[in-house]
Amino acid sequence: MYQYVKRYWFSICFYILAGVFGTVMGLGSSVVSKYLIDAVTGVRKDKILLFAVLIIGMTAAGIISNAVISRISARINVVIQNEIQADIFQKILYTEWKELQQFRSGDLLNRLSNDAVQVASSVISWIPNSITKLVQFIGAFAIIFYYDPVMAGIALLSAPVTVIFSRKFMGKMRTYNNEMREMTSSLMSFQDDTFQNIQTVKALDLTGVFEKKLQSLQNRYKEKMLDYNKFTVYTSSFMSAVGTGVSYICFGWSVYRLWSGYITTGTLLMFFQMANSLSSSFSSLIQIIPAAINAATCAGRLMSVSELEKENALDMEKVDRILEKEYKGITIELKEVNIHYKDGENVIHRGDFIANAGEITAVVGPSGEGKTTLIRVLLGLLHPMEGRAELKNAEGIKCRLSAGTREFFSYVPQGNTIFAGSIAENMRMVKEDATDEEIREVLEMACAYDFVKKLPKGMETVVGEKGSGLSEGQAQRLAIARALLKNAPVLILDEATSALDIDTEERVLKNIMKKEKGRTCVVTTHRPSVLSVSDHIYEIRESHLKKLK
Ligand SMILES: Nc1ncnc2c1ncn2[C@@H]1O[C@H](COP(=O)(O)OP(=O)(O)OP(=O)(O)O)[C@@H](O)[C@H]1O
Ligand SMILES: [Mg+2]
């Protein structure tokens, strides 16, 4: 949070100054009103006009400073909010894939939207507000003290009670805050999950189950919320009882002072206004505590995401050397690798694997044995705990597989991975300046052009999230076309032709290998048709990677 405060210190200081100015004007106009009343009641008749003009001037200055404050705060707020969101978004994108697995997407969304908003608004709310309110408090206290030190002493009576009280309850507030944020995350994750799988929910006739689940989550949230509310109602009632008691004592004392002739009517009225300022600034200062705790909780939740381990691009100097040259003809080699997920057993144990340029290397094996896991290693998403995982070019320059070697790969993932947007937009994600002609060519290679050209808007047709509006096989062919457009030296297909009929599958695979002679191709499959065109076959079974062909 301080990094943002530092970045916008000038605007924030201006904001604070405007706030302090408005407060000083408010206090000043109360003091002048004392003199005005004294003038009207006959103590100083000569200055009525001057005091009246002063009051109007100060009030106007106060109004203008408030307007300036709300403009500045809106500006700083939206700018900081955007920056925090962009920062966290970027950090999530560069976080190790494995680290992100512990978060549900709804939880990340909640942090990115709600927590970031809270932190942004706190930069412009509780830090400057506490300064403004402190100035108001000290100013009002100093003015009372100037006119009547005893009254000032009485006005301060509630301070020690409040300080002890708020210290005691800070820990509890922190716990409540954390719990409520986590519950909001669960709620959002559940809703996100439901909408992502709405077709399954309906098809399995689970609408009633999901409604009940939402209700149960909402009830838990409601109970926690009401619990917290009870806690805050008790604490704030106690605080206002203390505040009211003190202001009654102040009231009695100032009436007594007027009766005994120690102060004028104007001073009495000013005392009332000052006592009001004092108690309102004090209660604002007290209310800043929960706001600060809330902001700290949200900032902590953002930090726990932003401080996750970042991806390392390894051997970049060698990667650059390969990129400078003709970088076709890439060989991938895994040597005695052990691969597992967090705290799990080895999915692959001491595995050896080679995929050569110009060949199709197939990986087979029963479901859940580790084919996709192996591909995650090739893509530098997972790193072997032991062993070597590297690629080398035709000249023998070797680099370890990591985020830095990802640009050598085109990848068609398992499942539907088309994004919301037009077909052309989906294609241009991997090559921004691709011409329509280039897109058409890869669509043809992936046997997708036939159906795309029949769509009312051709390649400008817009599809929904996860390619909704397309059949599985159509989405697969678009994903293959996208991978081909990237034209990387290594192509990885993870069950990427599983939804195609055998003829189309064969044509696609032939087209892929025909275009680029030196391309390295790794496919995972269950289909014999793919195996028949493969040069080498590996099998993963019971954590062992075995070469069959
Ligand atoms: N993100 C993950 N976190 C933890 N474990 C995982 C994760 N993804 C997969 N696994 C585990 O790793 C093992 C291998 O899974 P993987 O997805 O690689 O199998 P697969 O061979 O591709 O299966 P399929 O043919 O069904 O696609 C499984 O036991 C699975 O439970
Ligand atoms: Mg798989």
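These numbers were taken from a predicted model, which means no experiment stands behind them.

Here is what the cut-offs are and how they apply
- Residues numbered from 1 in each chain as written.
- Chains lettered and ligands numbered in written order.
- Predicted model: local features only at pLDDT ≥ 70, side-chain atom pairs only at ≥ 80, totals over all residues.
- Heavy atoms only, no water.
- Helix = DSSP H or I, 4+ residues; strand = E, 2+ residues; numbered from the N terminus.
- Rg over C-alpha atoms; globule rule 2.2 N^0.38 Å.
- Buried < 20%, exposed > 50% of the residue type's maximum accessible area, 1.4 Å probe, protein only.
- Contact = heavy atoms within 4.5 Å.
- Lys, Arg positive; Asp, Glu negative; His and termini not counted.
- Charge placed at Lys NZ, Arg CZ, Asp CG, Glu CD.
- Pairing = 2+ DSSP bridges.
- Axes fitted to C-alpha atoms, helices over the stretch in contact; angles between N-to-C directions.
- Phe/Tyr/Trp six-rings, centres within 6.5 Å; stacked < 30°, edge-to-face > 60°.
- Lys NZ or Arg CZ within 6 Å of the ring centre and 35° of its normal.
- Donors = N, O, S within 2.8 Å, 3.2 Å for Na, K, Ca; no water.
- Expected span 1.5 Å × (residues − 1).
- Bend = angle between axes of the 7 residues up to and from the residue.
- Core = buried A, V, L, I, M, F, W, Y, C linked by side-chain atoms within 4.5 Å.
- Domains from an automatic or database assignment.
- Buried area = accessible area lost by both parts, 1.4 Å probe.
- Salt bridge = Lys/Arg side-chain N within 4 Å of Asp/Glu carboxyl O.
- Polar contact = N/O pair within 3.5 Å; in protein donor to acceptor, adjacent residues only side chain to side chain.
- UniProt positions renumbered as here; feature names shortened; annotations may be inferred.
- 1 Å grid on protein atoms, 1.4 Å probe; cavity = no way out; pocket = protein on both sides within 12 Å on 5 of 7 lines; lining within 4 Å.
- Points joined across faces, edges and corners; volume = space filled by probe spheres on them.
- Nonpolar A, V, L, I, M, F, W, Y, C, P; charged D, E, K, R; others polar.

### Focus: the overall build of the protein chain
Each helix and strand counted, the protein chain has 19 helices and twelve strands in total. On C-alpha atoms alone, the protein chain measures out to a radius of gyration of 34 Å, which is more than a quarter above the 24 Å that the 2.2 N^0.38 rule sets for 549 residues. Buried residues in the protein chain amount to 46% of all 549 residues. Intrachain contacts of the protein chain at a sequence separation of at least 6 include 78% that bridge at least 24 residues. Averaging the positions of the 63 positive and the 58 negative side-chain charges in the protein chain gives two centres separated by 7 Å.

### Details of the sheet that holds strand β10 (residues 520-524)
Overall, mixed pairing links the six strands, which are arranged β6-β9-β10-β3-β11-β12 in an open sheet. Here the strands that pair on one side only, and so sit at the sheet edges, are β6 (409-412) and β12 (544-547). Strand-to-strand twist across the sheet, computed as the mean angle between neighbouring axes with direction ignored, equals 20°. Sitting on the sheet, helix α13 (residues 371-378) is in contact with β3 (360-364), β6, β9 (490-494), β10, β11 (536-541) and β12, with an inclination near 155° to β9.

### Description of the packing of aromatic side chains
In the structure shown here, the tally under the stated rule is twelve aromatic pairs. With 5.2 Å between their ring centres and 25° between their planes, F251 and F272 make a pair best called stacked. Taken together, the residues span a long stretch of sequence, with F251 in helix α10 (residues 207-259) and F272 in helix α11 (residues 265-306) at a distance of 21 residues. Taking the relative accessible area as the measure of exposure, F272 reaches 28% and is therefore partly exposed. Clustering of aromatic rings is evident, with ring pairs tying together Y176, Y228 and F231. Over the ring of Y35 we find K34; its NZ or CZ atom is 4.8 Å from the centre of that ring. Taking the ring centre of Y262 as reference, the NZ or CZ of R257 above it sits at 3.8 Å.

### Structural notes on the environment of G469
By the element assignment, G469 lies in the loop between β8 (462-463) and α17 (472-486). Given a relative accessible area of 78%, G469 falls into the exposed group. Separated by 132 residues in sequence, G469 and V337 have C-alpha atoms that sit 41 Å apart.

### A closer look at the coordination of the magnesium ion (ligand 2)
All of the protein donors around the magnesium ion (ligand 2) are T372 (OG1) and Q414 (OE1); their distances to the metal are 2.0 to 2.4 Å. Taken together, the residues span a long stretch of sequence, with T372 in helix α13 and Q414 in the loop between β6 and β7 (421-422) at a distance of 42 residues.

### Concerning helix α8 (residues 158-196)
Taking 1.5 Å as the rise per residue, α8 with 39 residues should run 57 Å; its terminal C-alpha atoms sit 54 Å apart, in good agreement. Approximately 35° is the largest bend angle found in α8, and it occurs at M170.

### A look at the nonpolar core
Note on soluble globular proteins: their nonpolar side chains tend to be buried together. Formed by 42 residues in total, the largest nonpolar core has its most connected members in M427, I439, L443, L478, L493 and I512. Counting residues per element, the ones that place at least two in this core are β3, α14 (423-428), α15 (436-445), α16 (449-454), α17, β9, α18 (502-515) and β10. Here this core gets eight residues from one element, more than from any other, and that element is α17.

### Remarks on the domain arrangement of the protein chain
Segmenting the protein chain into domains produces domain 1 (2-306) and domain 2 (316-547). One C-alpha centre belongs to domain 1, the other to domain 2, and the line joining them spans 53 Å. The partner domain 2 presents nine residues to the six residues of domain 1 that form the contact. Carbon and sulfur atoms make up 56% of the surface buried where domain 1 meets domain 2, a total of about 640 Å² over both sides. On the domain 1 side of the contact with domain 2, E96, W97 and K98 bury the most area, a combined 78% of that side's loss. One can count one salt bridge joining domain 1 with domain 2. When the shortest N-O distance is used, the salt bridge between K342 and E99 registers 3.6 Å. Where domain 1 meets domain 2, there are one residue pair in polar contact (both at pLDDT 80 or more).

### Some remarks on the side chain of S534
Of note, S534 is situated in the loop between α19 (528-532) and β11. Here S534 is in contact with I360, A362, V523 and K549, once residues within four sequence places are set aside.

### A few points about the UniProt feature "transmembrane region" (unreviewed entry) in the protein chain
Cross-referencing UniProt, the feature "transmembrane region" (unreviewed entry) maps to residues 12-36, 48-69, 153-170, 231-256 and 262-279 in the present numbering. A helix fraction of 100% and a strand fraction of 0% characterise residues 48-69, whose end C-alpha atoms lie 32 Å from each other. The span residues 231-256 is 100% helical and 0% strand by assignment, and the distance between its end C-alpha atoms comes to 38 Å.

### What about the environment of S280?
Summarising the element assignment, S280 is placed in helix α11. The exposure class of S280 is partly exposed, given its relative accessible area of 32%. Measuring from C-alpha to C-alpha, the distance between S280 and F137 comes to 8.6 Å, with 143 residues separating the pair along the chain. Polar contacts involving the side chain of S280 include one to the main-chain carbonyl oxygen of S277, which spans 3.3 Å.

### Description of the layout of surface pockets
Size it by volume and the largest pocket reaches roughly 2200 Å³. Lining the largest pocket we find 44 residues, and of these W97, Y411, P413, T417 and F419 sit closest to its centre. Mapped by element, the contributors of at least two residues to the lining of the largest pocket are α3 (48-93), α4 (97-100), α5 (105-124), α8, α13, β6 and α17. Classifying every residue of the lining of the largest pocket by side-chain character gives 20 nonpolar, twelve polar and twelve charged. When residues of the lining of the largest pocket are sorted by domain, at least three fall in each of domain 1 (2-306) and domain 2 (316-547). Lining the second largest pocket are 30 residues, and of these T162, M239, S240, S283 and I286 lie nearest its centre. Broken down by secondary-structure element, the contributors of at least two residues to the lining of the second largest pocket are α8, α10 and α11. Here the element with the most residues in the lining of the second largest pocket is α10; it accounts for eleven residues. Considering only residue class, the lining of the second largest pocket consists of 18 nonpolar, twelve polar and no charged.

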